[in-house]
Amino acid sequence: MELVDLHTHSCYSDGSLMPSDLVALAKKQGVQILSLTDHDEIAGLALMKEATEKAGIKFIPGVEITANWGSRSIHVVGLNFDQENTFLIEFLEKIRSDRKSRAQKMASILSNLGMPGAWEGLESAVTNPNLISRKHFADWMIAQGFVKTHQEAFDKWLGDQCPAYVPCTQNKIKETVQVILQAGGVPVLAHPGRYKLEEWALQELLDEFKNSGGIAIEVCSGSHNASDVSKFTKIAFEEGFEASSGSDFHSRASKFMPGCQLSLPETLVPVWHRF
Ligand code: AMP
Ligand code: MN
Ligand code: MN
Ligand code: MN
């Protein structure tokens, strides 16, 4: 099977590499089909297309859209959509502008929790001022010595049920999936194992995603261990989802390099067979 990576980040969201450096690294890793899926942002896609053409890698336009589901953030990857689609462009613009006020709120909560100066401090961590993510907060907290690792930052302060968490958007799964579909794209539920949902809640999420028009789930992901891969292989097979695979690469410091997620079991229908 081809070496595929349909989930990566660049410095246009909370990744650290320019698209050209990301492509060079993916090429070195042997990736043959690559997507850039920055959070709520498609500004890196043009450079990515150029770099993949030069490198002889097949490129799939992508985006990872944040949706609000109860008290949680759920990520929906959109693949192979029309990048000129006005509804999609405006939908993403709205999320990015909500992110700015959300970051200010989070900075003020952190200040009340004894960690002042985040808003000013973020300036050096953020590479796209229109796209501030919790990862930037975690980077800043580590630099300030408030926590030792990203995991600690998320477990204690930034995680979906933690004191400094503020949702970054109000858009629901249904409208998120629909905006991808109307732009001609394929909606993929990102890293379902990362939400750590109980069985009944996971089933609700999968049902809602499917009923909204969702087509594929990420079976293989940098966030999934071997037992997650088995679990979501079974789910994709039984529920009729196509399967996607992506590293969720953010930076050279991360555990997973492009293309290094576990490989997809042959029993599944790979979503990239559409492209
Ligand atoms: P946001 O989109 O601003 O809510 O931030 C989500 C981002 O934070 C994700 O894309 C990851 O980069 C990062 N993130 C979320 N959960 C964790 C975690 N448990 N450990 C490390 N990074 C995380
Ligand atoms: Mn991220
Ligand atoms: Mn994600
Ligand atoms: Mn991601």
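Residues numbered from 1 in each chain as written. Chains lettered and ligands numbered in written order. Predicted model: local features only at pLDDT ≥ 70, side-chain atom pairs only at ≥ 80, totals over all residues. Heavy atoms only, no water.

Asker: Could you clarify how one ought to interpret the overall build of the protein in this entry?
Answerer: Looking only at helices and strands, the protein features nine helices and seven strands. For 275 residues, the compact-globule estimate of 2.2 N^0.38 gives 19 Å, and the C-alpha radius of gyration of the protein, at 18 Å, lies within 12% of that figure. Taken along its principal axes, the extent of the C-alpha atoms in the protein is 50 × 45 × 40 Å. The buried share of the protein, reckoned over its 275 residues, is 56%. Nonlocal contacts in the protein, meaning residues at least 24 apart in sequence, comprise 74% of its contacts between residues at least 6 apart. Entry remark: accessible area of the protein is about 11,900 Å², with carbon and sulfur atoms responsible for 53%. (Helix = DSSP H or I, 4+ residues; strand = E, 2+ residues; numbered from the N terminus. Rg over C-alpha atoms; globule rule 2.2 N^0.38 Å. Buried < 20%, exposed > 50% of the residue type's maximum accessible area, 1.4 Å probe, protein only. Contact = heavy atoms within 4.5 Å. Areas by Shrake-Rupley, 256 points an atom, 1.4 Å probe, with all protein chains shown as cover.)

Asker: Got a minute to help me understand the confidence of the model for the protein in this structure?
Answerer: The predicted coordinates ought not to be read in detail in places where the model reports low pLDDT. Overall, the predicted model of the protein reaches an average pLDDT of 97, with 100% of residues at or above 70. The lowest-confidence element of the protein is helix 4 (residues 118-125), averaging 90 in pLDDT; the highest-confidence one is strand 5 (residues 186-189), averaging 99. (pLDDT = per-residue confidence, 0-100.)

Asker: Mind showing me how you'd approach the coordination of the manganese ion (ligand 2) here?
Answerer: Ideal geometry at a metal centre: 109.5 degrees between donors when four sit tetrahedrally, and 90 or 180 degrees when six sit octahedrally. Protein ligation of the manganese ion (ligand 2) involves Asp 14 (OD), Asp 14 (OD), His 39 (NE2) and His 250 (NE2), the donor distances falling in the range 2.2 to 2.6 Å. Note that the manganese ion (ligand 2) binds six donor atoms; their angles at the metal cover 53 to 151°, and the shape is irregular. In primary-sequence terms, the residues that donate to the manganese ion (ligand 2) follow D-x24-H-x210-H. The distance between the manganese ion (ligand 2) and the manganese ion (ligand 3) is 5.8 Å. On the criterion of sequence distance, the pair formed by Asp 14 in the loop between strand 1 (4-5) and helix 1 (19-28) and His 250 in the segment after strand 7 (242-246) is long-range, its members being 236 residues apart. Take His 250: its relative accessible area is 14%, and that puts it in the buried class. (Donors = N, O, S within 2.8 Å, 3.2 Å for Na, K, Ca; no water. Tetrahedral: all angles 85-135°; square planar, octahedral: opposite > 155°, others 65-115°.)

Asker: Can you help me understand the coordination of the manganese ion (ligand 3) in this one?
Answerer: Protein coordination of the manganese ion (ligand 3) is provided by Glu 64 (OE), His 75 (ND1) and His 191 (NE2), with donor distances spanning 2.1 to 2.2 Å. In terms of primary sequence, the donors binding the manganese ion (ligand 3) are separated according to E-x10-H-x115-H. Overall, the relative accessible area of 0% leaves Glu 64 in the buried class.

Asker: Got a minute to help me understand the site of ligand 1 in this structure?
Answerer: Every residue lining ligand 1 is accounted for by Asp 14, His 39, Arg 99, Arg 102, Ser 133, Arg 134, Lys 135, His 150, Gln 151, Phe 154, Arg 194 and His 250. Within the contact set of ligand 1, an oxygen atom lies 3.1 Å away from a side-chain nitrogen or oxygen of Asp 14. Side-chain polar atom of Arg 99 to an oxygen atom of ligand 1: 2.8 Å apart, as the coordinates give it. Of the residues forming the shell around ligand 1, the biggest block, three residues, is contributed by helix 6 (residues 150-158). Per-class residue counts for the shell around ligand 1 are one nonpolar, five polar and six charged. (Near = heavy atom within 4 Å. Polar contact = N/O pair within 3.5 Å; in protein donor to acceptor, adjacent residues only side chain to side chain. Nonpolar A, V, L, I, M, F, W, Y, C, P; charged D, E, K, R; others polar.)

Asker: What exactly am I supposed to notice about the nonpolar core here?
Answerer: Most often, soluble globular proteins keep nonpolar side chains buried together rather than apart. In terms of nonpolar packing, the biggest core is built from 65 residues, with Leu 6, Ile 65, Ile 173, Leu 205, Phe 209, Ile 217 and Val 219 touching the most fellow members. Examining the composition of this core, we find that six residues originate from one element, strand 3 (residues 58-69), more than from any other. Ignoring anything within four residues of it in the chain, the contact list for Ile 173 reads Ala 67, Asn 68, Trp 69, Ile 74, Leu 205, Glu 208, Phe 209 and Ser 212. Ranked by size, the runner-up nonpolar core spans 18 residues in total, among them Met 106, Ala 107, Ile 132 and Val 166. (Core = buried A, V, L, I, M, F, W, Y, C linked by side-chain atoms within 4.5 Å.)

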